[in-house]
2 protein chains.
Amino acid sequence: MATSRDVARLAGVSQSTVSYVMSGRRSISAETRRRVEEAMATLRFQPNAGARALASRRSQVVGLMVPFGPGADTAGVLPFIESIAKCARAEEHNVLLVTEDEGAEAVERLAGRAQCDALVLMDVGAADSRIAVAAALDLPVILIGVPDDPAHLPCVDVDFDRAGQLAVDELAACGHRRIVQLGYVRPSVERDVNYVRRFDRGARAAARRHGIPYTQVIPEDAGNAAVEAALEEALAPDDAGNLGLVVPEGRLTSAVLTGLADRGLTPGRDVSVIAICTDEAAETTQPPVTNVSLEPREVSRRAMHTLFRLLADRHEPTGIDLVQPHLTRRRTTLPHPH
Amino acid sequence: MATSRDVARLAGVSQSTVSYVMSGRRSISAETRRRVEEAMATLRFQPNAGARALASRRSQVVGLMVPFGPGADTAGVLPFIESIAKCARAEEHNVLLVTEDEGAEAVERLAGRAQCDALVLMDVGAADSRIAVAAALDLPVILIGVPDDPAHLPCVDVDFDRAGQLAVDELAACGHRRIVQLGYVRPSVERDVNYVRRFDRGARAAARRHGIPYTQVIPEDAGNAAVEAALEEALAPDDAGNLGLVVPEGRLTSAVLTGLADRGLTPGRDVSVIAICTDEAAETTQPPVTNVSLEPREVSRRAMHTLFRLLADRHEPTGIDLVQPHLTRRRTTLPHPH
DNA sequence: CTGAAAGCGCTAACAT
DNA sequence: ATGTTAGCGCTTTCAG
């Protein structure tokens, strides 16, 4: 591969001029610029990333730590990754992928070796061991999810309090006298992530306000049998006609809908079902499920926006940035009584 | 961050000795090694990645180009990403994520700037513009998927020919006299990926061998309405009792199962359904669907294995490496008649 | 077995 | 507006 020295020689200028043409950090005469750019083009020059990183102390890389493995929502994380990658590219950055199971030491590795300029930590737990490490770093870090103690690190997440409230308000408006939350599954509960509690809190508060009993059924896992058992339990009181179901984990939705259909219960007529999932996912269930939206793309967008501001200048106010979810009525909820 | 010079000073050795302690490329006395390692530990030394890349001409990074955006299977790509990331880590490499829509120029960028030592291209199309570019690079590249002309690049994929055959053989064995393939959806067909053709070829050949009529219904997209329409078409001849359905796109499975249930048709009793999807996905449909497995983890594992062999400079024979799928009978296929 | 020294290909002062 | 030069922090000769 050609180097900037080769370009300089061909253009008949000094090597630093080539560098300045690239960075635009000082004025260059039109003629010089033309010759340099021409030389670059004929040599198909591309600056060496390692050399640039070494000299500039900037890798132009954002580290992204994603949840993987069992417990992680297989479909749910992809929109995040995609949006984050696109935002990064828009700012001339690349994304280095790290899996969450590498834990805090991976965070130290990326930062210590200067492999990235900034970090995005997805899926942060209530008490996440990565946070203390990340907070001690002198590079921008953003959390997706809200831990108990963010240690002054900026966080972005969906407003799960509000999501719970929206779901319950709608079920109440549909006339239901009993609300059951089916999920989160036990592994999610035990992973100790704050959105589980926040959702629960928002939903319960709303139910109390409406004077409607609110119970929660926790499937042992996301498998079919467990969801079936949970559904059975939710339906046990047998006044199904009054039942409003909240399904906070999107991946359980189709199992729930199928389970209801198997029992001759038609969502939207006999019971109501509200799922917490992306609009995208809601539109592909059968029938399309009324949902409170998770907004992975918006969350990612805001996270990256904040991150790049921090990367540009270091004194932004950092706090908790909550994305407002919205409810979309589809086919699985009863019409409102007049 | 401490540098190797700091370590050298503290250990009372030369900087190059520190480097050799890290690389193990020459013998070091036990005492020297001990002192260096102690100094590294007390300074919490981590080698600077940019400097290392510049000097060694090795970034220790694998570039991974993933399909994103509409058209891509939202859930299907994650296991690939995960497995690839883990394999990379096992060999002390990181993964740099690039989205497919950046196309061939992203390939040139990564290679030209020496941002990675090797490349994995996922989801390669029959005539993929990235291939010519990638083949001209002087770094190892592996394709996941098989193009018409691999240009001597090694490929790994599931044996879709065989997958089609397995599905049809099983439906024949179940006694079906009519087989309909529901899918791929039109965008997939038009994206011109070879696995669509290969699957079709394998399935058709098997059907011909069994003397069973084989037709294909192509939904306009992966949405519910389109799948419904396709199902209606598939069921039109109305001798549903004899119908065996093949669903080559896993994401359509639950819509198909729900659609059948809505018509009072019970898979495994009235009709048979075989999906092409991961075993994981097959176990979470309701009822669990008989499937021919896609093996994303095994495909990834083999791809990375080959890639690291190539990186280690062994001039391996490179060709097309097909992973054999296997069929698992679950609840959606009829029992074999005796 | 170890040290000194020459780069790797850039960026960014410091000069004019 | 441009050239000269000193690094950035490593790897890897070359010398002993």
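Residues numbered from 1 in each chain as written. Chains lettered and ligands numbered in written order. Predicted model: local features only at pLDDT ≥ 70, side-chain atom pairs only at ≥ 80, totals over all residues. Heavy atoms only, no water.

The environment of DNA strand D is formed by 30 residues, the closest being Ser27 and Thr32 of chain A together with Ser4, Ser19 and Tyr20 of chain B. When atoms of DNA strand D within 4 Å of the protein are split into backbone and base, the sugar-phosphate part holds 52%. One of the side-chain nitrogen or oxygen atoms of Thr17 of chain A is found 2.8 Å away from a phosphate oxygen of DNA strand D. Between DNA strand D and the protein, one listed contact pairs a phosphate oxygen with a side-chain N or O atom of Ser27 of chain A at 2.4 Å. Contributing elements (two or more residues each) for the surface near DNA strand D: α2 (15–23) and α4 (49–56) of chain A together with α2 (15–23) and α4 (49–56) of chain B. Here the surface near DNA strand D takes 5 residues from α2 of chain B, the largest share from any one element. (Near = heavy atom within 4 Å. Polar contact = N/O pair within 3.5 Å; in protein donor to acceptor, adjacent residues only side chain to side chain. Helix = DSSP H or I, 4+ residues; strand = E, 2+ residues; numbered from the N terminus.)

Quick look at the sheet that holds strand β6 (residues 178–182) of chain A now. Residues and elements named next belong to chain A. With mixed pairing, 6 strands are arranged side by side in an open sheet as β7-β6-β8-β9-β10-β12. Of all strands in the sheet, those bounded by a partner on one side alone are β7 (214–217) and β12 (327–328). By the bridge criterion, 4 bridges tie β6 to strand β8 (residues 243–247) in an arrangement that is parallel. Each bridged residue has a counterpart across the sheet, and for Gln181 the counterpart in β8 is Val246. Contacting β6, β7, β8, β9 (272–277), β10 (290–293) and β12, helix α8 (residues 160–173) crosses the sheet at an angle of about 165° to β9. Against the sheet, helix α10 (residues 194–210) touches β6, β7, β8 and β9, its axis set at about 150° to β7. (Pairing = 2+ DSSP bridges. Contact = heavy atoms within 4.5 Å. Axes fitted to C-alpha atoms, helices over the stretch in contact; angles between N-to-C directions.)

Here we come to the packing of helix α5 (residues 78–90) of chain A against helix α14 (residues 296–312) of chain A. Residues and elements named next belong to chain A. Where α5 contacts α14, the axes come no closer than 8 Å and their chain directions differ by 35°. Crossing handedness for the pair α5 and α14: right-handed. Touching Pro79, Phe80, Glu82, Ser83, Ile84, Cys87 and Ala88 of α5 are Pro296, Arg297, Val299, Ser300, Arg301, Met304 and Phe308, all from α14. Along the lines of polarity and charge, the residues of the contact of α5 with α14 split into 9 nonpolar, 2 polar and 3 charged. (Left-handed = near helix turned anticlockwise from the far one by under 90°. Nonpolar A, V, L, I, M, F, W, Y, C, P; charged D, E, K, R; others polar.)

Moving on, we come to the domain arrangement of chain A. Residues and elements named next belong to chain A. By the assigned domains, chain A splits into domain 1 (1–46), domain 2 (47–158 + 298–323) and domain 3 (160–294). At the junction of the two partners, domain 2 supplies 14 residues and domain 3 supplies 10 residues. Buried area between domain 2 and domain 3, summed over both chains or domains, comes out near 980 Å², and the portion from carbon and sulfur atoms is 42%. Joining domain 2 to domain 3, the criterion identifies 3 salt bridges. When the shortest N-O distance is used, the salt bridge between Asp157 and Arg198 registers 2.6 Å. Inspection of the domain 2/domain 3 interface yields 8 residue pairs in polar contact (both at pLDDT 80 or more). Residue composition of the side of domain 2 that touches domain 3, grouped by class: 8 nonpolar, 2 polar and 4 charged. (Domains from an automatic or database assignment. Buried area = accessible area lost by both parts, 1.4 Å probe. Salt bridge = Lys/Arg side-chain N within 4 Å of Asp/Glu carboxyl O.)

Looking now at the protein's contact with DNA strand C. The environment of DNA strand C is formed by 30 residues, the closest being Ser4 and Ser19 of chain A together with Thr17, Ser27 and Thr32 of chain B. Sugar plus phosphate: this is where 52% of the atoms of DNA strand C within 4 Å of the protein reside. Here a phosphate oxygen of DNA strand C sits 3.0 Å away from a polar atom, N or O, in the main chain of Ser14 of chain B. Residue Arg57 of chain B places a side-chain N or O atom 2.8 Å away from a phosphate oxygen belonging to DNA strand C. Listed by contribution, the elements that provide at least two residues to the surface near DNA strand C are α2 and α4 of chain A together with α2 and α4 of chain B.

Moving on, we get to the packing of aromatic side chains. A complete count under the given rule lists 6 aromatic pairs over all chains for this structure. Taking the centre distance of 6.1 Å and the plane angle of 85° together, the rings of Tyr184 of chain B and Phe199 of chain B count as edge-to-face. Here the residue Tyr184 of chain B occupies a position in the loop between β6 (178–182) and α9 (186–190), and Phe199 of chain B occupies one in helix α10 (residues 194–210), the gap between them amounting to 15 residues. Tyr184 of chain B sits in the buried class, given a relative accessible area of 2%. Taken together, the aromatic side chains of Phe160, Tyr184, Tyr195 and Phe199 of chain A make up a single cluster linked through ring pairs. (Phe/Tyr/Trp six-rings, centres within 6.5 Å; stacked < 30°, edge-to-face > 60°. Buried < 20%, exposed > 50% of the residue type's maximum accessible area, 1.4 Å probe, protein only.)

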